[in-house]
Amino acid sequence: MMAVNKLSLPTRVAIAGLYEDQFCGYPVFSGLLGTISYTGMLLLATGGKKLSIEETEVIDDLAVVLAMADPRIWAPKIARLASCYGNFEVAMSTPFLTLSKLIGAGTISETVQQLLDIKQLVEEQKAEDDEAIKKIISHYLSKKKLIYGLGLSGRPIDQRLTAFIKSVEKKKLNKRTFWHLQELVSEIGRKERKLEPNIVMGAAGVFLDFGLDVKQSLQLFQFIILIPYIANASEGSKQAPEILQCLPKEYIEEKMEAPRKSSRALGLE
Amino acid sequence: MAIPEGIFDNFPSPDKLDARVISLSPDPAIHGYSVFSDLALHYNFSEMIYLTLTGKTPTRQIGQAFEYALKFLFPITAAEAPSNAGILAMVLAGAPASVLGTTGVLLVDMARYWVEKHKALLSWLDSPDATFPEQYQNKDIENKKIVLQLSEIISQIGISCPIFEHDPTLIAALIAVLHACGLKKPEQIQAVIVFAKYPCAIAEGYATTPYDCNSYPMRVPDYKYQQGEI
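The residue numbers shown here count from 1 along each chain, following its written sequence. Chain letters and ligand numbers both follow the written order, the letters beginning at A and the numbers at 1. With the structure being a predicted model, the display of local features is reserved for residues of pLDDT at least 70 and the display and counting of side-chain atom pairs for 80 or more, all residues being used for whole-chain, interface and lining totals. The side-chain numbers reported here are obtained from all heavy atoms of the structure, hydrogens and water having been left aside.

Peer 1: Is there a simple way to explain the overall build of chain B in this structure?
Peer 2: Starting at the N terminus, helices and strands are each numbered in turn, a helix being any DSSP run of H or I of at least four residues and a strand any DSSP run of E of at least two. Looking only at helices and strands, chain B has 9 helices and 2 strands in total. Each helix and strand of chain B, ordered N terminal to C terminal, gives the series β-β-α-α-α-α-α-α-α-α-α. Whereas a compact globule of 230 residues would reach a radius of gyration of roughly 17 Å, chain B reaches 22 Å, over 25% beyond that. Dimensions of chain B, computed from C-alpha atoms along their principal axes, come out at roughly 75 × 55 × 35 Å. Burial status follows relative accessibility: with a 1.4 Å probe on protein chains alone, a residue under 20% of its type maximum counts as buried, one over 50% as exposed, and anything between as partly exposed. In chain B, which comprises 230 residues, the proportion classed as buried is 44%. For chain B, long-range pairs separated by at least 24 residues make up 62% of all intrachain contacts whose partners lie at least 6 apart in sequence. Counting rule applied: Lys, Arg positive; Asp, Glu negative; His and chain ends not counted. Taken as the charge location is NZ of Lys, CZ of Arg, CG of Asp or CD of Glu. Side-chain charges of chain B comprise 16 positive and 24 negative groups, with the mean position of each set lying 4 Å from the other. Throughout, radius of gyration means the C-alpha value; the globule benchmark is 2.2 Å times the number of residues raised to the power 0.38. It only takes one pair of heavy atoms within 4.5 Å for two residues to be counted as in contact.

This is the structure in structure tokens:
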């Protein structure tokens, strides 16, 4: 019998020990327990650095303001549909299957990248004061058809961002580089494109100030926005309503081809 | 700091993954039958599905009945949750892969739900001398015509299916046909429902304009908020 080589891959995630487990570079019981929150653990899991409980509180606040869970909104609605046969777990797979680059959580990647691009331009052009930075932003945005982190539907301002700004200010995190940069982008977007910033803009600023990159920001955001899905999947799976399993006929508009015969049915082939 | 030995470094565990159905040869064999030099030449696609699920090649009779069962199971409308979710997935994510994934997950759960709802039918099919469970009796006139059509096809093929004497619903009749073909396990029936309906379910999502949120009826159904815990 031919010998099988031992297959092996490197990992920095974890090793389960007899008396102590290791997780992302830290001993779990003697290094993490009591010094980090659940949100902090999420951040570590995405490859981010260990933040203090106080710092991660701002991400907890972000999760709170993102609890816009109205089941009529497209994203939570998918959890309602997916839970209609009574299965919570099935519904909880949908946020990951329907991530959008244009709507909701998926726009965080593009928004973070946008702030990083602007930051690079600011450094290259050695812009030092806000007025010089705003000129760079204005020029950058003028070349973009679609600006991420700006724009809302159905309301004049994003009430979530208004609340989140207060939270960031209260924790004195509003003087950091990327938070200030997103404030300037929001100001220019409002003035020149008549677009209000949305919560994703604020989230991008905080994530970048905490050292997350594009991918890590997306991964963390996907978990922060789970609350609306959980609530809808929970109630939806309890209701398991027949009207969602199959909508009544009168709610369907048929827009397909008119009835016709196939060439085989007509004996033409 | 040195990392101590982990629990799973020496945990008893096999060195190989077991493959029980499909061989790894350049001409893969399914349950021993070569795909390229045997099955592809002598069996149609649905018969290959049958073999994969049961381990047996179907007779021509069984193959035909199974093919008809798949065809009758084939449609699923936009009204039903898997297709509805496929449409919403395209609206939200704008990506065919999202439609495939979301629709697939919902179809699997719908099939699980249907098979669970037909548990008593499966017991009756195993012992058809018992009283026929009345919840599977057809009350829809339109449906009765289709069941009659299926009954005639299955009878012409020469497969015995006593359920047709009991005026069953279409889904009950189709489960009975699958059972008569030798697919008696709930997981086999669940899989067949998923395979049969998947093309129609994804087609509605694929026909939807990506990101066209305004075209999706957000208040169907409408939700009225009430204070209190869930």
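Back to the write-up after that little detour.
Peer 1: Explain the overall build of chain A here, please?
Peer 2: Secondary structure assignment for chain A yields 14 helices and 3 strands. Against the globule reference of 18 Å for 269 residues, chain A gives a C-alpha radius of gyration of 24 Å, more extended than a compact globule. Each principal axis of the C-alpha distribution contributes one length, and for chain A these read about 75 × 65 × 45 Å. Put simply, chain A has 269 residues, and 44% of those count as buried. Looking at chain A as shown, the accessible area adds up to about 15400 Å², and 57% of this sits on carbon and sulfur atoms. The method behind every accessible area is Shrake-Rupley, applied with a 1.4 Å probe, and residues are considered shielded solely by the protein chains displayed.

Peer 1: Would you take a moment to explain the state of the cysteines for this structure?
Peer 2: Here is the idea: a disulfide is a covalent bond, and it sits between the sulfur atoms of two cysteines. A pair of sulfur atoms, both from cysteines and within 2.5 Å, is called a disulfide here. Considering all chains together, one arrives at 0 disulfides over all chains under this definition. The closest cysteine sulfur to the non-disulfide-bonded cysteine 84 of chain A is located on cysteine 246 of chain A, 9.8 Å from its own sulfur. Not part of a disulfide, cysteine 200 of chain B finds its nearest cysteine sulfur in cysteine 246 of chain A, a span of 14 Å.

Peer 1: Honestly, the layout of surface pockets in this entry has me stumped. Any pointers?
Peer 2: Vacant regions in the atomic arrangement are exposed by a probe of water-molecule size rolled over the atoms. All names here are of chain A. Quantified by volume, the second largest pocket comes out at close to 1300 Å³. Put plainly, a pocket is an open set of points on a 1 Å grid over the protein atoms alone with protein on both sides within 12 Å along at least five of seven lines, a cavity is a set where a 1.4 Å probe fits but cannot get out, and a lining residue has an atom within 4 Å of a point. Along the wall of the second largest pocket there are 43 residues; nearest its centre are Trp74, Leu102, Ile103, Gly104 and Ser153. Those elements giving two or more residues to the lining of the second largest pocket turn out to be helix 4 (74-82), helix 9 (159-170), helix 11 (199-209) and helix 13 (226-239). Among the elements that take part in the lining of the second largest pocket, helix 4 stands out by supplying 3 residues, more than any other. Grouping the constituent residues of the lining of the second largest pocket by class yields 27 nonpolar, 11 polar and 5 charged. Grid points are joined across faces, edges and corners, and a volume is the space filled by probe spheres set on the points. The nonpolar class holds Ala, Val, Leu, Ile, Met, Phe, Trp, Tyr, Cys and Pro. Asp, Glu, Lys and Arg form the charged class, and all remaining residues, Gly among them, are polar.

Peer 1: Even after reading the chapter, I still don't get the interface of chain B and chain A, so can you show me in this structure?
Peer 2: Note on interface size: it is often stated as the accessible area lost on association of the parts. If you look at the interface, chain B gives 42 residues, while chain A gives 43 residues. What counts as buried area is the accessible surface, traced by a 1.4 Å probe, that two parts surrender upon association, with contributions from both included. When the area that chain B buries against chain A is broken down by residue, the three leading residues are Leu92, Tyr223 and Ile230 of chain B, summing to 20%. Between Lys or Arg on one side and Asp or Glu on the other, a salt bridge is scored when a side-chain nitrogen of the former is within 4 Å of a carboxyl oxygen of the latter. Between the two partners, chain B and chain A, sit 1 salt bridge. Note that arginine 72 of chain A is salt-bridged to aspartate 222 of chain B, the shortest N-O span being 3.1 Å. Think of a polar contact as two N or O atoms within 3.5 Å of one another; within protein, one of them needs to be a possible hydrogen donor and the other a possible acceptor, and neighboring residues in sequence only count if both atoms come from side chains. In this structure, the connection of chain B to chain A is made through 11 residue pairs in polar contact (both at pLDDT 80 or more). Put simply, the parts of the chain that give the side of chain B that touches chain A at least two residues each are helix 4 (81-93) and helix 5 (96-117) of chain B. Grouping the constituent residues of the side of chain B that touches chain A by class yields 28 nonpolar, 5 polar and 9 charged.

Peer 1: What should I look at first to understand empty space enclosed by the protein in this one?
Peer 2: Residue and element names in this part refer to chain A. Throughout the structure, instances matching the rule amount to 1 cavity of 30 Å³ or more. What the largest cavity holds in volume is close to 30 Å³. Contributing to the lining of the largest cavity are Val168, Leu173, Arg176, Trp179, Val206, Asp209 and Phe210.

Peer 1: In this structure, what is going on with the pattern of salt bridges? I would like to understand it.
Peer 2: Side-chain pairs of opposite charge can arise where the charged atoms are in close proximity. Residues and elements named next belong to chain A. For the coordinates displayed, the defined rule picks out 18 salt bridges over all chains. Between glutamate 55 and arginine 176 there is a salt bridge, with its nearest N and O atoms 3.3 Å apart. Taken as a pair, glutamate 55 in helix 3 (residues 53-65) and arginine 176 in the loop between helix 9 and helix 10 (177-192) lie far apart in primary sequence, 121 residues in all. The shortest N-O distance in the salt bridge between arginine 80 and glutamate 235 comes to 2.4 Å.

Peer 1: So what exactly am I meant to see when it comes to the sheet that holds strand 3 (residues 26-27) of chain A here?
Peer 2: Paired through backbone hydrogen bonds, the strands of a sheet run either parallel or antiparallel to each other. Residue and element names in this part refer to chain A. In this description, strands pair whenever DSSP reports at least two bridges between them. Strand order in the open sheet formed by 3 strands is 1-2-3, and the pairing between neighbours is antiparallel. Every interior strand has two partners, whereas the edge strands, strand 1 (14-15) and strand 3, have only one. In terms of strand pairing, strand 1 meets strand 2 (residues 22-23) through 2 bridges, oriented antiparallel. Residue isoleucine 15 lies in a different strand from strand 2, and its bridge partner there is glutamine 22.

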